[in-house]
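Overview (structure and organization)
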Amino acid sequence: MANAGDEDPKRSRAVAPAAAKPGLTGVGTTLAAPTFPSLLSRLFNWSRSGVGPRLLAAVLLFSSVVTLTLTALQLYLDYDREVALIETRLDEIGRSTTGSLGESLWNLDQNQLKLQLDGILRLPDIRAAEVREIADRPDPIRLAVGEPSTRSVVTRDYPLNTTVQGTAREIGLLHVEATLTDIYQHLLNRALVILASQAAKTFLVSLFIIYMFHLLVTRHLAAIAEFVSKYSLARPPPPLRLERRPPYEADELDKVIDAFNAMCANLEHAYGELREANANLERDLKIRRRAEEDARASEERFRDYAETASDWFWETGPDHRFTYLSDRVVAFGMDPKVRVGTRRIDTALDRETEPEKWRAHLATLDRHEPFRKFEYRGHDTKGRIHHFSVNGKPVFDADGRFTGYRGSATDLTAQHETEERLRQSQKMDAIGQLTGGVAHDFNNVLTVITGTIEIIRDGLADKPELAAIAQLIDDAAARGAEITSQLLTFARRQPLAPREIDVNALVVETAKLLKPILGEHIEIDIRLADDAWSAMADPSQLSSAIVNLAVNARDAMPGGGRLTLETANREFEGAGSAADGDAVRGAFVMVAVGDTGHGIPADIRDRVFEPFFTTKGVGRGTGLGLSMVYGFARQTGGTVAVESEEGAGTVMRLFLPRSKGEAPARATPVQAPVTARGQETILVVEDDPLVQGYVIAQLGSLGYRTLVAGDGASALALVDQGAKFDLLFTDIIMPGGMNGRELADAVRLRRPGVKVLYTSGYTDDAIVHEGHLDPGVTLLGKPYRKSELSQRIREVLAGEPPA
């Protein structure tokens, strides 16, 4: 086939000698000498369809895969070699510098450490180096050079040791980072060069292959196809032959022509036999039509099922009683044998509570109309309640007579339970917003009461009877502040101080506090997981939450019982993972508090976390204990799950987010509050007139001069007028469209470096995010006393970090 004869353009067409006519492309015509423009035009037209484009695509695809594979292998070898060089350099750094760095670190010679780190940084591909001292003293040495990165780096850590009295001692750590950016750039450039050259070569070779394939094969196939399209069995033309220089031996095209001519001869012979076959076929048509009708009925039944398919299939007769239920129904707690012969309405639980819905459904069935997504509540064979959604289609026989319904049903129980949990979560969030707002206003009132009673109590020091009354008022205000704090915790507006804590240790310490609280009639059983993770939470709030849960458990066991404290690790993948709790995802540490009490009735189980909701008698608690636990868990990033059954006790499970490995916070010594005085000028921004008057009086008694504004706009007007002051003391929640944080930012634009002290009885997203105060923010929470006000003002003016 690939011989010199195929190159003769004048003898390379396939024709039908007796059927050749002018104007028929490829039949009885010669191939004119190709010119370059005509060749390009023919290639363009040819590339739009046919075998050529597919062959070209296959060649290009295979060549591209081979090229990419070889390129990837070469780049991988280059990358492995370059990375090995970097790792060798890092090993050399570890061998050659740790001794001298350890000696310099032991001598606390930071200058020498800096010179040595600079020397390391000058090595090729080294991005950053750092020395950290391991010591128990304050401010250990930590010296770093370079620009650390989290992407495309190789890192090594080397311990720095020194020998003290013959004993090796680890005193620090050398951290070195080497960049891979230059390697990636080199590999990218190399890949681009290889791919560009290979792409050009592959494309040119592919074009040459396709052109030769067209010259030797496809143009002859086109001529054959044209002859076939004009072939008439009634008036057959002479046999087909190729007009080309014959090859030395018969090739594939010659074999195709011979086979086609033989097929034409067979067709002519078969044409006569076809007439005879038609008569036989007519007789078979009646049998075939009957089989097609049976197949159509079966196909229609399958289509009916497919259109309504969901979880299980069903059929009913003309009286709407079930005649068939698929086996899938067993998975949903129902027995097909029991349900066959019954109607849908017989097992419905809402036929009396929603009669209109059922009347409309039964009317649809009587009208023999299709229906979709008819939802109702029913029970399975064990009496458990389910939510069903049903689809159905009426069935008629060949005479148009109604024979019943076919359809499918879906169990929506899990979906309804998820929606109910979502509604409960939204309800708790709405209550939280309300209680947070109430707490904000109540804290303003308590601020005035608390501060005023201090002044009255000091003035009544020589009158014991009145001083005792003032003390009662002070105690009541403190109790109100405690209740307000619990409300804010439920509303997730209480600033937290979360840190990494050992949950097992905290549970053990809290259990020691519980023994005198619960009494001798309550047995405490502690079950701690040996591999319990550390949790990220506020330890004081967690301890208070455990105490609240334990006190509730004690009240549920008036005759005594067993309180169980348990810890475990849990990982959840999504919605509904935490049993009855809110949807959570991730790794959590579980703290469970269980009792053997009387349990929680099902009708009030969803309300136990609502503030002020309690089943206890008058005067026994505020109803805020579980609310505080719920708010603390949600603000921490976890949730609470309730598992209870009347007469079988209750288990409250508190899920706290797993710690990511942050270092535990250092405890700072607590100092007694001291009333400090000053002479600076303070700009007070407070919208509540009562609180504003109280703050001005207290600051005046401490020796400060004050400027006063009722909102952010008034405060900015004072600043723009040139008012001089040393501290901005502003409430966070204010009217006028500008909160305290926005006011402070606006003032700092006008006076950079101004010092700010915030106050609020309700921390919103202005300065608190995810339960944490923003960095550099100092907050004085309402209500506060005179000593707390004076101390926090002095801290801010002195530039001390917030406590």
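Up top is the structure.
This one's a predicted model, so the numbers in the text were calculated from it and none came from an experiment.

Bringing the overall build of the protein into the picture now. The secondary structure content of the protein amounts to 16 helices and 25 strands. Among the 803 residues that make up the protein, the fraction classed as buried is 40%. Expressed as a percentage of contacts within the protein between residues at least 6 apart in sequence, the contacts between residues at least 24 apart total 67%. Surface summary for the protein: the accessible area is close to 44800 Å², and the carbon and sulfur share equals 55%.

Right, let's talk about the environment of Val-640 for a bit. With respect to the secondary-structure elements, Val-640 resides in strand β17 (residues 639-644). Distance in space between the C-alpha atoms of Val-640 and Val-591 is 9.6 Å, their sequence separation being 49 residues.

What follows covers the pairing of strand β16 (residues 586-595). Counting buried residues in β16 gives eight out of 10 residues, a clear majority hidden from the surface. Relative to β16, strand β15 (residues 561-572) runs antiparallel, the two sharing nine bridges. Bridged to Ala-568 within β16 is Met-590.

The subject of this paragraph is the sheet that holds strand β8 (residues 322-325). Pairing is antiparallel in the open sheet, where five strands are placed in the order β8-β7-β11-β10-β9. With partners counted over all chains shown, the strands left at the sheet margins are β8 and β9 (371-379), one partner each. Going across the sheet, the axis of each strand differs from the next one's by a mean of 30°, ignoring polarity. Its contacts with the sheet place helix α7 (residues 355-366) against β9 and β11 (402-411), and it is angled at close to 130° to β9.

What follows is about the packing of aromatic side chains. On inspection of all chains with the given rule, the structure shows 10 aromatic pairs. Ring centres of Tyr-79 and Tyr-184 lie 6.1 Å apart, and the angle between their planes is 10°; this geometry places the pair in the stacked category. With Tyr-79 in helix α2 (residues 51-106) and Tyr-184 in helix α4 (residues 181-229), this pair connects stretches of sequence that are 105 residues apart. Assessed through its relative accessible area of 36%, Tyr-184 is described here as partly exposed. Among the aromatic residues, those joined into a cluster by ring pairs are Trp-314, Phe-322, Phe-371, Phe-396, Phe-402 and Tyr-405. Across from the ring centre of Trp-314, 4.7 Å away, lies the NZ or CZ of Arg-344, which sits over that ring. Against the face of Trp-533 rests Arg-658, its NZ or CZ located 4.0 Å from the ring centre.

The subject of this paragraph is empty space enclosed by the protein. Applying the stated criterion to the full structure yields two cavities of 30 Å³ or more. Of the pockets and cavities examined, the largest cavity occupies roughly 150 Å³. Looking at the largest cavity, it is lined by 15 residues, and the ones nearest its centre are Trp-312, Phe-322, Met-334, Arg-339 and Tyr-376. Every element with two or more residues in the lining of the largest cavity is listed here: β7 (312-316), β8 and β10 (385-396).

What follows concerns the nonpolar core. Residues Leu-542, Ile-546, Leu-563, Leu-565 and Leu-654 are the most contacted members of the largest nonpolar core, which totals 31 residues. Taken together, the elements giving at least two residues each to this core come down to α10 (503-518), β14 (535-537), α11 (539-555), β15, β16, α12 (625-636), β17 and β18 (650-657). Aside from chain neighbours lying at most four places away, what touches Leu-563 is Leu-514, Leu-518, Ile-522, Glu-523, Ile-524, Asp-525, Ala-550, Ala-553, Met-557, Val-593 and Gly-594. Judged by nonpolar contacts, the second largest core, of 27 residues, contains Ile-93, Val-131, Leu-143 and Leu-187.

Moving on to the pairing of strand β19 (residues 681-685). Summarising burial for β19: five of the five residues are buried, a large majority. Residues Thr-681, Leu-683 and Val-685 of β19 are buried on one face, and the alternating residues Ile-682 and Val-684, pointing to the opposite face, are buried as well. Both β19 and strand β20 (residues 705-709) contribute to a ladder of five bridges, which runs parallel. Pairing of Ile-682 across the sheet is with Thr-706, part of β20. A crossover links β19 with its parallel partner β20, the connecting element being helix α13 (residues 689-701), and its sense is right-handed. Of the pairings in the sheet, the one linking β19 to strand β21 (residues 727-731) comprises four bridges and is parallel in character. Residue pairing for β21: Val-684 is matched across the bridge by Phe-729.

Strand order across the open sheet formed by five strands is β13-β15-β16-β18-β17, with mixed pairing between neighbours. Edge positions in the sheet fall to β13 (522-527) and β17, since each has one partner strand and no second. The mean inter-strand angle of the sheet, taken between neighbouring strand axes irrespective of direction, is 20°. In terms of strand pairing, β13 meets β15 through six bridges, oriented parallel. Its bridge partner being in β15, Arg-527 is matched across the sheet by Glu-566. Of the strands in this sheet, β13, β15 and β16 touch α10, which is tilted by about 160° from β15.

Moving on, we get to the packing of α10 against α11. At their nearest, the axes of α10 and α11 sit 10 Å apart, and the two run at 40° to each other. Between α10 and α11, the angle is such that the two are oblique. Crossing geometry of α10 relative to α11 is assigned as right-handed. Residue-level contacts link Leu-506, Val-507, Thr-510, Leu-514, Ile-517 and Leu-518 of α10 to Pro-539, Leu-542, Ser-543, Ile-546, Val-547, Ala-550, Val-551 and Arg-554 of α11. Taken together, the residues of the contact of α10 with α11 sort by class into 11 nonpolar, two polar and one charged.

Moving on, we get to the pattern of salt bridges. Summed over the entire model, instances satisfying the criterion amount to 24 salt bridges. Two residues, Arg-156 and Asp-91, come together in a salt bridge whose shortest N-O distance is 2.4 Å. Residue Arg-156 is located in strand β4 (residues 153-164), and its partner Asp-91 is located in helix α2; the two are separated by 65 residues in the primary sequence. Given the relative accessible area of 30%, Asp-91 is considered partly exposed. The closest approach of N and O atoms between Asp-346 and Arg-343, which form a salt bridge, is 3.4 Å. Three or more residues joined by partner-sharing salt bridges are found here, namely Asp-78, Arg-81 and Arg-190.

Take the environment of Ala-709 next. With respect to the helices and strands, Ala-709 occurs in strand β20. Accessibility expressed as a relative area gives 4% for Ala-709, which makes it buried. Considered as a pair, Ala-709 and Glu-686 are 23 residues apart in the sequence and their alpha carbons are 6.6 Å apart. The residues touching Ala-709, leaving out its near neighbours within four places in the chain, are Val-684, Val-685, Glu-686, Gln-692, Ser-714, Ala-715 and Leu-718.

In an α-helix, one turn spans 3.6 residues; hence positions three or four apart end up facing the same way. Helix length check: α13, at 13 residues, gives a terminal C-alpha distance of 18 Å against a target of 18 Å (1.5 Å per residue), a fit within 8%. For α13, the set of buried residues is Val-691, Gln-692, Tyr-694, Val-695, Gln-698 and Leu-699. Down the axis, α13 shows its buried residues gathered within 165° of arc, on one side only. Away from the buried face of α13 by more than 90 degrees, exposed residues Pro-689 and Leu-690 are located. Note on α13: the residue one or two positions beyond its end, Gly-703, has a positive phi of about 95°.

Moving on, we get to unusual backbone geometry. If a residue is not glycine, its phi is most likely negative; likewise, a peptide bond is most likely trans. Even without a glycine there, the phi angle at Leu-108 is positive, about 55°. Summarising the element assignment, Leu-108 is placed in the loop between α2 and α3 (110-121). Relative accessible area serves as the criterion here: at 47%, Leu-108 is assigned to the partly exposed category.

Calculation rules
Residues numbered from 1 in each chain as written. Predicted model: local features only at pLDDT ≥ 70, side-chain atom pairs only at ≥ 80, totals over all residues. Heavy atoms only, no water. Helix = DSSP H or I, 4+ residues; strand = E, 2+ residues; numbered from the N terminus. Buried < 20%, exposed > 50% of the residue type's maximum accessible area, 1.4 Å probe, protein only. Contact = heavy atoms within 4.5 Å. Areas by Shrake-Rupley, 256 points an atom, 1.4 Å probe, with all protein chains shown as cover. Pairing = 2+ DSSP bridges. Axes fitted to C-alpha atoms, helices over the stretch in contact; angles between N-to-C directions. Phe/Tyr/Trp six-rings, centres within 6.5 Å; stacked < 30°, edge-to-face > 60°. Lys NZ or Arg CZ within 6 Å of the ring centre and 35° of its normal. 1 Å grid on protein atoms, 1.4 Å probe; cavity = no way out; pocket = protein on both sides within 12 Å on 5 of 7 lines; lining within 4 Å. Points joined across faces, edges and corners; volume = space filled by probe spheres on them. Core = buried A, V, L, I, M, F, W, Y, C linked by side-chain atoms within 4.5 Å. Right-handed = clockwise from strand over helix to strand, strands pointing away. Parallel < 35°, antiparallel > 145°, perpendicular 65-115°, else oblique. Left-handed = near helix turned anticlockwise from the far one by under 90°. Nonpolar A, V, L, I, M, F, W, Y, C, P; charged D, E, K, R; others polar. Salt bridge = Lys/Arg side-chain N within 4 Å of Asp/Glu carboxyl O. Expected span 1.5 Å × (residues − 1). Arc of directions from axis to C-beta.

Shape is all these values report; function is a separate question.
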